[in-house]
Amino acid sequence: QVQLVESGGGLVQAGGSLRLSCATSERIFRNYPMGWFRQAPGKEREFAAAINRSGSSTLYAESVKGRFTISRDNAKWTVNLQMDNLKPEDTAVYYCAAGASFSRLQVGAGDYWGQGTQVTVSS
């Protein structure tokens, strides 16, 4: 059973924007901090952003800080990642995850994972 479903990926030119969404169940949404990770071709998966259960605290990788914004939509049980000023090096498969704690998410220890959505940024 798929617990997390990502959407919103696609092809965009450098400098453009995309908004990713991760839909999940009420149980996961209310009980887990959530985050976004990405994996570029030939590279390991890396942390991008995380948000705590209440939405009051966020964390970003240095590579995306100031360009990406993570948020929670309590009405839709969805976590969003607004990506602005995209660069070719942002090209990757983006994964949504839910983890038992903020710190565990930051090191990639997610309890639930989505199947990923492709983001391609052309130069």
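Cut-off values and rules
Residues numbered from 1 in each chain as written. Predicted model: local features only at pLDDT ≥ 70, side-chain atom pairs only at ≥ 80, totals over all residues. Heavy atoms only, no water. Helix = DSSP H or I, 4+ residues; strand = E, 2+ residues; numbered from the N terminus. Buried < 20%, exposed > 50% of the residue type's maximum accessible area, 1.4 Å probe, protein only. Contact = heavy atoms within 4.5 Å. Pairing = 2+ DSSP bridges. Disulfide = S-S within 2.5 Å.

Another point: the environment of Val-93. Within the secondary structure, Val-93 is located in strand S9 (residues 92-98). In this structure Val-93 comes out as partly exposed when scored by relative accessible area, which is 21%. Residues Val-93 and Arg-67 lie 26 residues apart in sequence; the distance between their C-alpha atoms is 18 Å. In this view, Val-93 contacts Phe-37, Arg-38, Gln-39, Gly-116, Thr-117 and Gln-118; residues no more than four positions away in its chain are not counted.

What follows concerns the pairing of strand S3 (residues 18-24). Covered by surrounding structure in S3 are Leu-18, Leu-20, Cys-22 and Thr-24 only, the residues Arg-19, Ser-21 and Ala-23 on the alternate face being uncovered. Sheet analysis places strand S1 (residues 4-7) next to S3, joined by four bridges and oriented antiparallel. Within S3, the residue paired with Glu-6 across the bridge is Cys-22. By the bridge criterion, six bridges tie S3 to strand S8 (residues 78-83) in an arrangement that is antiparallel. Along S8, the bridge assignment pairs Ala-23 with Thr-78.

In this section: the state of the cysteines. For the structure on display, the rule yields one disulfide. Across a sulfur-sulfur distance of 2.1 Å, Cys-22 and Cys-96 are joined as a disulfide pair. The S-S bond linking Cys-22 to Cys-96 shows a torsion near -80 degrees; that makes this disulfide left-handed. Residue Cys-22 is located in strand S3, and its partner Cys-96 is located in strand S9; the two are separated by 74 residues in the primary sequence. An identical accessibility class is assigned to Cys-22 and Cys-96; each is buried.

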